[in-house]
Each structure stands twice: as structure tokens, then as C-alpha cells.
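Chain by chain, the residues:
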Amino acid sequence: MPKSMTVDPADLRKSGVLKIPSIPMNQYKRNFSTEIATYGKDGLVAMLHDMIAIREFESMLNSIKTTGAWNGVEYNHKGPAHLSLGQEAASVGQAAALDPDDFIFGSHRSHGEILAKCFSAARKLDPKSLESIMKGFLDGETLRFAERISYGNLASLAENFILFGTMAEIFARKSGFTRGLGGSMHAFFAPFGSMPNNAIVGGSADIATGSALYKRINKKPGIVVSNIGDASMGCGPVWEAMTLASMDQYRTLWPESAGGAPPILFNFFNNFYGMGGQTLGETMGYGVLARVGAGVNADAMHSERVDGYDPLAVADAVARKKKILLEGRGPVLLDTITYRISGHSPSDASSYRTKDEVDLWQKNDSIEDFSAYLVKKKVMSKSDVETMRAAVDEKLTAVLKLSTNEAECPRVDGAFIESVMFSNQKVEKFDSREPEFLQPLSENARVKSIAGKIRKATDAEGKPVSKNKMYQYRDALFEAIAHRFAIDPTLAAWGEENRDWGGAFAVYRGLTEALPYNRLFNSSISEGAIVGSGVGYALSGGRAIVELMYCDFLGRAGDEIFNQVAKWQSMSAGLLKMPLTVRVSVGNKYGAQHSQDWAALVAHIPGLKAYFPSTPYDAKGMMNLALRGTDPVIFFESQLLYDIGEQFEPNGVPEGYYEIPEGEPAIRKQGKDITIVTLGATLYRAMDVAKTLEEKYGLSAEVIDLRFVAPLNYNVIVESVKKTGRLVLASDAVERGSFLHTVASNVQTLAFDYLDAPVAVVGSRNWITPAAEQEALFFPQKEWILDTIHERILPLKDHVVTTVQTNGELARRARLGV
Ligand SMILES: Cc1ncc(C[n+]2csc(CCOP(=O)(O)OP(=O)(O)O)c2C)c(N)n1
Ligand SMILES: [Mg+2]
């Protein structure tokens, strides 16, 4: 418990001087006898081979991009190719020190890392495993191409497989490593530990941290490397990731058996440039990138600058750092200096640097230097090097011919892309071990208190149940989450204030006593990294629930939600799953930055499921659904609803397990004259509207609660509109761009012939949310819905409007943008 660690003024007010650990720079000294003992002759030759293969592979791509041909093969590649010519030693040295179980995540410039890691893993795997991975991958499709390129043994076949799978992916072919859906910037091959590469600068930092959390929490072997660029040090999520990875709690509060901090190495391939912005002396102020480690934790992240133009220096550093990480003493930061001879992309004219500077680095070329070293030490001869280069080129020519063959190497069709947007599976648990608990759930105080509650809003006599006796919406969420914690040992939850505080709105209260820190923990206030680490955790094979206190903080985690959570299942062609539930609460009372319903933003992004329960029954059934699925769910909860009881299900909320059918809206009240569709807490205002329509105007309204944003079955709404001929929709999201406009438009299309009046959407005003005392000016009120019906759908007899909801007013507001 943090309570055990007193924040003591007597200590904290003492005067003194903070000593910062010194940070080594380029300390490696070549020592051939150690090197030959460590890597063997074969290991040293393999490093040179891999550097040459990467150089030739990327030179080929450069030639294809700039001249449309290479070695007599013509091809027009429309997509990107961010090359790392000049940087080969850095990726090869790193891979040499890693095992197949170690993961690397990378960036837009990661062809070299993919090849290096896969070559290294293929050499280190036992032949049986290697063969079975290649045979099993895409039902042997990639391997069948690899077999068409000449090879003498399994190692040579594996080389064909790696070169072909990567190149076919870059050229968007169905037989590529992710069926062409990732392409150059997102290619990867997980079975060899080459994990997703990211086109968002710095995007891999928090995802890799989540993958390291997965390894730590689930006791999986190996470490995780986040390969990112020097310029990514300017990105918030990179700092968030380093912060999350450095939290003291791994050592102070997590059970010792958990093994310490997540094994993550933040490796910055420091080529001194962003695209054209020079990080050294222009766009950053760190001077030496490795300095940053000193600001993050007391160990200075074991930070070190290493010469990335020497593969042996890099391999040595990574091996030393891996040891630290396996001991749970991470995270680690490496400033691996390197230089790209090539432009940022083939169209880059290098206007931001001088030719002299490029020449200086070319004179230090790592392949020239390393091959000269191996020749000098008699590991190989000059002609051996040339034979090696020629053999690589021969393979590459065959690979290029095959992967550009339009007839034999096709692309996937639209139906395939559609089929991988979601995985739509049900998984009870992602591991078979016993889930860790501090106490049996049956002994948990919250569980016991819930057992004594009335599971409906009204008692047997129909009288309202008092709040403290009533089973509430937050209890329903708790019950579903506790259930899954007891079944799936991989399930872990984190976010701000998740432990003693009980989660932002007390959904988790009681879980602190039940779960060890390694299953439920407080994170730093790092919304990007909270979600991003959830992505890494989920795609590595575990199930996670992360919490954002307020929907408004989706902005802080914007890239992670919109570009990462949403896209990795489909960009991986369905090879990765994303069992990640992101809980967000929709607020009120706290003004403009804590009260927004942003369901529409989520609805707009393909690849996300979005649920929004408005009753305790649904809260439990939909959380159960989210926590057994394999797709990412953005789970909206309204703060107005956390303490309500069940008002619709006659038997209240069941104690046992059940799921709500995905995508199905719920009819809350039958009616025949008008359909009212709601999303979220407006359901209860709509029920009041229905009552008034009935009592005052003799109209029966059908009330439908959408519950789901995506996926969504329109049949229920269309059938209702066929019956009523009229439709009004209401939610607390601001009117402009509300998701309800999408629903309105689709229903208009699907049920046009049945509509007797235009469809109307009622939302919050297109303003900031004002003070709590003024919220009635902003959020849709019962009268707004009634007046809208009267003015725009069906005049209500003797109705006296109290607000302005006319077409003219709608046009006026739109004209002014308010
Ligand atoms: C968030 C984000 N901002 C900007 C870009 C455009 N962009 C692509 S690469 C790049 C430079 C990245 O530099 P660095 O991180 O040092 O990696 P390097 O390209 O040098 O390997 C930029 C600005 C992007 N892809 N993502
Ligand atoms: Mg850079």
C-alpha cells in the first residue's frame, strides 16, 4: 500500500545536492579475442552478411523508387520506402544480441530492423521450430514463394522466406508478412520477434512498454526493444512511455515474485535528423540524447551512448542492458548514434545538409569498416565478402521478380480487408495458469456488500430502493470485471487512481484488497501511454482494461485510440488480436473540459467497437461481452448513471453471467406514434418525454436505447419507424457532428417510404459546457425534445413551446457555427 511509504517533510525538506549518475559514451573497445569467443566466426560473418543484405535490399528499393528498375527488373512502386542506408550496423548489432523470444518494435524506417531481427532469430531457432513456423505461416503461402527461389539448405530457405515476406509486404502483396495490409511502414513478423512497426513518430514507445508489461506480468521470456528515432524524443507519448516504464512501484509495491520493472529498452536510433530538422543543435536541446535518462529516474535509465557504426559495440551494449532488464532493473535507454546516407525518403533532396557531411559519414561506412576488420583478422577474405554480396544480389533479384509478378503474386480483395477489421472471437482466458488474487473473491468486502443489495431500482412493493441498498450501475460493472479477473489470469487493469481510490468513479472499489499490484495498478498521468501500453499488452497476447477518467481526455490519447488501438488488427491482416477495453466516463458539472460525449469521434474511426450502456443490466451484460471478445472496445459510461438502479428489467440484474447481443439496440418502451432514439443518459429524459406525450397529447412513443455505436443493427430502429413514421433522436453529445446524425441519415435511407416527417436530432448546444448551475442551457432537456417534436415533426395540440427548436433556428445556429 502507498500508505506504507510516508511522504515525510523531515526527509524532504533537508538541504543537499542531487548527484546524477554519469553516462558512458562510446566506451566500447574492440577486442578480437573476446569477440571471437562471444560470437564465433560464424556469428561475425553472419553480422556482415546481414548488414550487406540490408544494404542491398534497400539499395534495390531506392533504385526501384527513383529509376523504376533494379538489376534489369522493372517495377513502379507507388507506396513509401523510408530507407536506412548507412544505419545497418545499428540494427544488426542489436539483433545479434537478441534471442527469438525478445521483441523489437520500430518505426517508419524499420526494413533493416525487420531483416536483422528475423535473420538472427532464424539462425537461433532450432531447425524444427523454424520449419514449423514457416510452414504454418499463412498456411504455407509465403513459404511456397520462398521455395521457388534457389536454396541449398534450411538456413538459405529461411533467408528467402524473410526477404520475400518483407518485400512482398512492402509491395502490398497477399503473400507478404501481413498480407500487404501493413506495407513498408508497418511490416513485421511476430514469430521471429519482429513486432509492429509504426508510421507515427514515437508510436512504438508506449506500445512496446505495454508489451514489456505483458512479459513481466505473465512471466514470459525475453525483453522488449522500442526502436525509435532521435526526433521522437520531442513526442509526448515517448516521455509518457518512459515515465510509465520507470514507475517506482515495480520495485516498491509489486510482489517480488512479479520480477521487477517491465523489461523495456528504449533504443533511439540517433541519426541526428528528423526529416530535415537537425536534432543536434537545432530542434532539440539535449545535446547528447543519452542525457535524457538522467531526468527520468534515479538510475538514469542505465543510459548510454553507443557507436551505432560498429555492430560489435551495439551488440555488446544490448547484451549488457538485456541482463539489467531481465533482473527487473529497467528501463534502459540507449542513444545509438548512426547516420542515414539516404534521404528521409527517395524524394528527399537532402536540402538540409551538406554533401561534405554525408561524405564524412560515408568515409566511416560501417560495412566497409567491418568487412575490413574481418579480413584483417582473417575471419574471411576480400573475395569471400564479394561472393557474399553477389549471392545476396542473386537472391534479391529472384525475390524482386517474384514479388512484383502481378499474375502470380496478387493483392487481397476488399472482402478480405472487411473480414479482418474485427476478429469477433470469444476467448474465456488467454492463459491456463491460476489467476492471482490476494483473497478469494467470496471474502471481498465489496462482493459481500453487493450480495446484500436489491438488484432493482424498486422493491417488491414497487417503492424506490434507497441508494445504499440499491445495486447500482457501478456495481454491475464491478461484477462483470471481477468475474473476468477470476477467469483470465492475463487480465490486468490500470489507469489513474485505479487502486485505493477505486478508479475515478469507484467502479473498482474493493479490488485493491483482492488483486495484487501486477493485476491492478495506478499509472502515471499519461493517457497516451495508458492506452498505448494497453495496445502493446493486448497485441502481445493478454487482456487489458484501461481507464480514462473523462471522455475529454481521449484527446490526450488521440493517436493511441485512433491510430493504434483501431488499426493493428487489420494492419496485421488479422494475425494480431486486440482484446483491449478502454473505459471512458462522460462527465458533467465540471465545465467545458470535463463534460463532453465524444462517441462521434470514436464512431468515425474504422476498427473500433463502441459500447454505451445506460442501465445496470446492460452495464454488466455489455462489460461481460467486451471482456470475452477479442476486439478493442471503447466503453462509454455516463457519470449521471453510476448510481442508478435497474428500472427496465422486471427481475433486476441477474447474479449469473450473461451477455447483451452485440450491436442490438433495446426497445425500452413500445409505442406506435413516434420513435425516440437515445444514446446514453438521455434515455431517462426520453422516458419522461414519452410519459408527457401519452398523458398530455394522447400519443404513444416508442423509446429505443441504441446501447451500441459500432457495430449497430439498424433493423430494430427501421422496424420501429415503419410503425411510427416519425423519428427524433437525442443524446448529450453536441448537436453538430453527433453520431445520431449518422443514425438519422441511415434510417432516412433505409425507411424513407415510411417516414411521415423529417427526422430530427436533438443534441447539446454547439458551445462549451457551462457551469454546473447553467447546464440546463446546454444539455438536451425534456422540453427541447417535446418542442422539437412539435416544431419539426408533429404539431402537438395546444402545446406551448418554451424553447426555440424551429427549422429557422437550426439554420441560424448553423450559419453562426454555434
Ligand atoms: C506524429 C508524427 N509526426 C510527424 C510525422 C512525419 N515524419 C515522419 S518521419 C519524421 C522524422 C522522424 O525522425 P526520427 O524520429 O528521428 O526518425 P528517423 O526518420 O530519423 O528514422 C517525421 C517528422 C509522423 N509520421 N508522425
Ligand atoms: Mg532521426
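Scroll up to find the structure this text is about.
All figures in this text were calculated on a predicted structure; none of them were measured in a lab.

The rules we used
- Residues numbered from 1 in each chain as written.
- Chains lettered and ligands numbered in written order.
- Predicted model: local features only at pLDDT ≥ 70, side-chain atom pairs only at ≥ 80, totals over all residues.
- Heavy atoms only, no water.
- Near = heavy atom within 4 Å.
- Polar contact = N/O pair within 3.5 Å; in protein donor to acceptor, adjacent residues only side chain to side chain.
- Areas by Shrake-Rupley, 256 points an atom, 1.4 Å probe, with all protein chains shown as cover.
- Nonpolar A, V, L, I, M, F, W, Y, C, P; charged D, E, K, R; others polar.
- Donors = N, O, S within 2.8 Å, 3.2 Å for Na, K, Ca; no water.
- Buried < 20%, exposed > 50% of the residue type's maximum accessible area, 1.4 Å probe, protein only.
- Salt bridge = Lys/Arg side-chain N within 4 Å of Asp/Glu carboxyl O.
- Helix = DSSP H or I, 4+ residues; strand = E, 2+ residues; numbered from the N terminus.
- Core = buried A, V, L, I, M, F, W, Y, C linked by side-chain atoms within 4.5 Å.
- Contact = heavy atoms within 4.5 Å.
- Pairing = 2+ DSSP bridges.
- Axes fitted to C-alpha atoms, helices over the stretch in contact; angles between N-to-C directions.
- Lys, Arg positive; Asp, Glu negative; His and termini not counted.
- Phe/Tyr/Trp six-rings, centres within 6.5 Å; stacked < 30°, edge-to-face > 60°.
- Lys NZ or Arg CZ within 6 Å of the ring centre and 35° of its normal.

Caption draft 1: Expanded view of the site of ligand 1. The full set close to ligand 1 counts 14 residues, and His108, Arg109, Ala199, Asp230 and Asn271 are the nearest of them. Contacts to ligand 1 include Ala199, whose backbone N or O atom sits 2.9 Å from a nitrogen atom. Contact distances for ligand 1 include 2.9 Å between an oxygen atom and a backbone N or O atom of Ala231. Contact with the protein chains covers 70% of the free accessible surface of ligand 1, which is 580 Å². Broken down by class, the residue content of the shell around ligand 1 amounts to six nonpolar, six polar and two charged.

Caption draft 2: View of the coordination of the magnesium ion (ligand 2). Within the protein, the atoms that donate to the magnesium ion (ligand 2) are Asp230 (OD), Asn271 (OD1) and Tyr273 (O), at distances of 2.0 to 2.1 Å. Mapped onto the sequence, the donors of the magnesium ion (ligand 2) take the spacing D-x40-N-x1-Y. Comparing Asn271 with Tyr273 shows no difference in burial state: the two are buried.

Caption draft 3: Quick peek at the pattern of salt bridges. Considering all chains together, one arrives at 52 salt bridges under this definition. When the shortest N-O distance is used, the salt bridge between Arg179 and Glu141 registers 3.2 Å. With a gap of 38 residues between them, Arg179 in the loop between α7 (154-170) and β4 (194-197) and Glu141 in helix α6 (residues 141-146) connect regions that are remote in the sequence. Residue Asp673 is joined to Lys672 by a salt bridge in which the shortest nitrogen-to-oxygen separation is 3.8 Å. Taken together, the shared-partner salt bridges connect Lys426, Glu428, Arg484, Arg628 and Glu659 into one network.

Caption draft 4: Main features of the nonpolar core. Residues Ile561, Phe636 and Leu693 are the most contacted members of the largest nonpolar core, which totals 159 residues. The leading source of residues in this core is helix α19 (residues 473-487), at eight residues. Judged by nonpolar contacts, the second largest core, of 66 residues, contains Ala95, Ala116, Phe189 and Cys409.

Caption draft 5: Expanded view of the side chain of His108. Structurally, the position occupied by His108 is in the loop between β3 (103-106) and α4 (111-124). Residues within four places of His108 in sequence aside, it is in contact with His82, Met185, Asn198, Ala199, Val201 and His344.

Caption draft 6: Examining unusual backbone geometry more closely. Each neighbour pair has its own omega, and for Gly330 with Pro331 the value is 0°, a cis peptide bond. Mapped onto the secondary structure, Pro331 falls in the loop between α13 (311-326) and β8 (332-337). Cis geometry marks the peptide bond from Ala710 to Pro711, where omega comes out at 0°. Mapped onto the elements, Pro711 comes out in the loop between β18 (708-710) and α27 (715-724). Although it is not a glycine, Arg179 sits at a positive phi angle of roughly 55°. Arg179 gets classed as buried once you look at its relative accessible area, which sits at 13%. One non-glycine residue, Ala573, adopts positive backbone phi at about 60°. With respect to the helices and strands, the residue Ala573 is situated in the loop between α23 (568-571) and β12 (580-586).

Caption draft 7: Inspection of the sheet that holds strand β19 (residues 727-734) at higher detail. Taken together, the five strands give an open sheet; going across it, the order is β15-β17-β16-β19-β20, and neighbouring strands pair in mixed fashion. Bordering the open sheet on either side are β15 (666-669) and β20 (760-764), each of which pairs with just one other strand. The sheet shows a mean angle of 25° between the axes of neighbouring strands, taken without regard to direction. Sheet analysis places β15 next to strand β17 (residues 701-705), joined by three bridges and oriented antiparallel. Across the sheet, the residue bridging to Ala666 is Asp705, located in β17. Where helix α29 (residues 782-793) meets the sheet, it contacts β16 (674-679), β19 and β20, and its direction lies at approximately 150° from that of β20.

Caption draft 8: Molecular detail of the environment of Ala730. Residue placement: Ala730 occurs in strand β19. Aside from chain neighbours lying at most four places away, what touches Ala730 is Val677, Thr678, Leu679, Thr682, Leu740, Val762 and Ile785.

Caption draft 9: View of the sheet that holds β18. One open sheet holds the seven strands; their spatial order is β10-β9-β11-β12-β14-β13-β18, and the pairing between them is mixed. Looking at the sheet topology across the chains shown, the edges are occupied by β10 (520-522) and β18. On average, each strand axis in the sheet is tilted by 20° relative to the strand beside it, whichever way the strands run. Bridge count for strand β13 (residues 609-611) against strand β14 (residues 633-638) is three bridges, and the pairing is parallel. Within β14, the residue paired with Lys609 across the bridge is Val633. Packing against the sheet, helix α25 (residues 616-626) makes contact with β12, β13, β14 and β18, and its axis sits at approximately 160° to β14.

Caption draft 10: Summary view of the side chain of Arg726. The topology assignment puts Arg726 in the loop between α27 and β19. The buried charged residue Arg726 lacks any salt bridge, with Asp756 as its nearest oppositely charged partner at 4.4 Å. Setting aside its immediate chain neighbours within four residues, Arg726 contacts Asp673, Ile674, Thr675, Leu755, Asp756, Ile793 and Leu794.

Caption draft 11: Local environment of the packing of aromatic side chains. If you walk through the whole model with that rule in mind, you get 33 aromatic pairs. With 4.8 Å between their ring centres and 70° between their planes, Phe189 and Phe192 make a pair best called edge-to-face. Take Phe189 and Phe192: they sit in the same class, and that class is buried. Seen from their ring centres, Trp494 and Tyr537 are 5.4 Å apart, and the 70° between their planes marks the pair as edge-to-face. One end of the pair, Trp494, is in strand β9 (residues 492-495); the other, Tyr537, is in helix α21 (residues 527-540), with 43 residues separating them in the sequence. Each member of the aromatic cluster is reached from another via a ring pair, and the members are Tyr214, Tyr250, Trp254, Trp494, Phe521 and Tyr537. Of note, Arg583 hangs over the ring of Tyr508, and the distance from its end group to the ring centre comes to 4.9 Å.

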